[in-house]
Amino acid sequence: MIDKSRSRPVKFVIAVILFAYLSYFISDGAVGIDLLDAGVTSIVTVWQNGFFTGVFTVISWLASPGRDIVWMVILAFVLYGFKYKIQAFWALALLAGGNIFEFIFKHLVARARPLGHLASDTGYSYPSGHVLGTFMVVAVVVVLIVPELPSYRWADVLQAASVAWLILVMLSRVYLQAHYPTDTVGALLLGWVWLEVMEWLYVLYARKLLKWRLFYRSYL
C-alpha cells in the first residue's frame, strides 16, 4: 500500500530544513515572521461576523486534538476490520508519534498565543495541535484509504474533501486568533517530516510484521 520511493529522502530533507528554519526564526522573534503573521491574520479576520465565527468555531471543535484521536481510532478500526491490520496500527502510531513531537516542539519554541485568543485555548502556540492532528488524519485517508477505493471519481472527491477540510481547519485557527498563521504552517511541516519517517518505517518493517499473530493475514 505504501511503496518505496526514491524521492522520499529528498522530501524528508526539504521538510526538515523548512521546519527547522521556521522554528528557528519564530523562537528568535524574527521581525519578518511577525510582519508575515500580522499581514495574513488581517486578511483572514477582515471578514469577521457572527456566521463565520460560528462556522469556524464548529470546525475548530471538530478538529480538536482530542477529537482527532477519536477520528483516528475510528479509521484504525475500519482498516483493521477490512484486514488492513498493519495499516491500522501504523495510523495509530502516526498520531501518537506526531503528538509527542508536537509537545516537544511546543515547549522548545515556547511561543505565546495571539492576544485575542479564547480563554479555552491554553498552552503554547507553535505548532498548532489542531492542524497537526488533522494533517495526520487526512494523511491516513489520502495515503491508505483513497488508493483502495474502487471508483476513481469517489477517490478524487474524498481526496479533495480531505485537503479542503485541512485548509478550513488552518483558517479556523487563524480566524479565531488561536494561532498565528506560521503556527499552522509549522504544524504542516512537522506532520510532513513525521509522515515521511513513518512511510519509510512501513516499507522497512511491514512484511516482517506479517509473521506476528496479531497481523496474521493482513493485507499489505
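Conventions used here
- As a convention, each chain's residues are numbered from 1 in the sequence order in which they are written.
- Since the coordinates come from a predicted model, pLDDT governs what is reported: local features require at least 70, and pairs of side-chain atoms require 80 or more to be given and counted, while whole-chain, interface and lining totals use all residues.
- Only heavy atoms go into the side-chain values, all of them from the structure, while hydrogens and water stay out.
- UniProt positions are given in the numbering used here, feature names are shortened, and annotations may be inferred rather than shown by experiment.
- Put simply, DSSP H or I for four residues or longer makes a helix, DSSP E for two residues or longer makes a strand, and each gets a number counted from the N terminus.
- Note on exposure labels: buried denotes an accessible area under 20% of the residue type's maximum, exposed denotes more than 50%, and partly exposed covers the range between, all computed with a 1.4 Å probe on protein chains only.
- The contact criterion used is simple: two residues touch if any of their non-hydrogen atoms lie within 4.5 Å.
- Like-charged residues within 9 Å of one another, or nonpolar side chains (Val, Leu, Ile, Met, Phe, Trp, Tyr) within 5 Å, are grouped into patches, provided each residue has over 30% relative accessible area and no salt bridge.
- Computed with a 1.4 Å probe, the accessible areas rest on the Shrake-Rupley method; for each residue, only the protein chains presented here act as cover.
- Any Lys or Arg side-chain nitrogen located within 4 Å of an Asp or Glu carboxyl oxygen qualifies as a salt bridge.
- Planes of paired rings set the category: under 30 degrees apart is stacked, over 60 is edge-to-face and the rest tilted, where pairs are Phe, Tyr or Trp rings (Trp by its six-membered ring) whose centres lie within 6.5 Å.
- To estimate how far a helix should extend, the number of its residues minus one is multiplied by 1.5 Å.
- Here the arc refers to the set of directions running from the helix axis out to each C-beta atom.

This part is about the UniProt feature "transmembrane region" (unreviewed entry) in the protein chain. Following the UniProt record, the feature "transmembrane region" (unreviewed entry) maps to residues 12-31, 51-82, 129-146, 158-178 and 184-205 here. In this annotation, residues 129-146 is assigned 94% helix and 0% strand; the end-to-end C-alpha distance for the span is 24 Å. Across residues 184-205, the secondary structure splits into 100% helix and 0% strand, with the terminal C-alpha atoms separated by 31 Å.

It is worth spelling out the environment of leucine 210 at this point. Along the chain, the position of leucine 210 falls in the segment after helix H8 (181-209). Taking the relative accessible area as the measure of exposure, leucine 210 reaches 27% and is therefore partly exposed. Taking C-alpha positions, leucine 210 is 8.1 Å from isoleucine 86, a pair spaced 124 residues apart along the chain. Apart from residues no more than four positions distant in its own chain, leucine 210 is found in contact with Ile86, Phe215, Tyr216, Ser218 and Leu220.

What follows covers a nonpolar patch on the surface. Together, Phe12, Val13, Val16, Ile17, Tyr21, Tyr24 and Phe25 make up a nonpolar patch on the protein surface, roughly 640 Å² of accessible area in all. Tracing the sequence through the fold places valine 16 in helix H1 (residues 8-27).

Further remarks concern the pattern of salt bridges. The final tally for this structure, using the stated rule, is 5 salt bridges. The partner of glutamate 196 in a salt bridge is arginine 8, with the nearest N and O atoms 3.7 Å apart. A residue pair is termed long-range when its members are at least 10 positions apart, and glutamate 196 in helix H8 and arginine 8 in helix H1 qualify at 188 residues. Residue glutamate 196 is classed as buried on the basis of its relative accessible area of 5%.

Here the focus is the packing of aromatic side chains. All told, the structure shown has 16 aromatic pairs when counted by the stated rule. With a centroid separation of 6.0 Å and 45 degrees between ring planes, the pair formed by tryptophan 47 and phenylalanine 56 is classed as tilted. Classification of tryptophan 47 as partly exposed rests on a relative accessible area of 32%. In this structure an aromatic cluster arises from ring pairing among Trp47, Phe51, Phe52, Phe56 and Tyr175.

Between its terminal C-alpha atoms helix H5 (residues 85-109) stretches 36 Å, which fits the 36 Å expected from 25 residues at 1.5 Å a residue. One or two steps after H5, the chain reaches alanine 110, where phi turns positive at roughly 55 degrees.

The subject of this paragraph is helix H2 (residues 31-45). Helix length check: H2, at 15 residues, gives a terminal C-alpha distance of 21 Å against a target of 21 Å (1.5 Å per residue), a fit within 8%. When we look at burial in H2, the residues that qualify are Ile33, Asp37, Thr41, Val44 and Thr45. Around the axis of H2, the buried residues are gathered within 80 degrees of arc, so they sit on the same side. Relative to its buried face, H2 has exposed residues pointing more than 90 degrees away, namely Val31, Leu35 and Ile43. Here the buried face of H2 lies against H1, helix H7 (152-175) and H8.

What follows deals with the environment of proline 181. Here proline 181 lies in helix H8. Between the C-alpha atom of proline 181 and that of asparagine 99, which follows or precedes it by 82 residues, the distance is 20 Å. Proline 181 has contacts with Asp37, Val40, Thr41 and Val174, leaving out every residue within four places of it along the chain.

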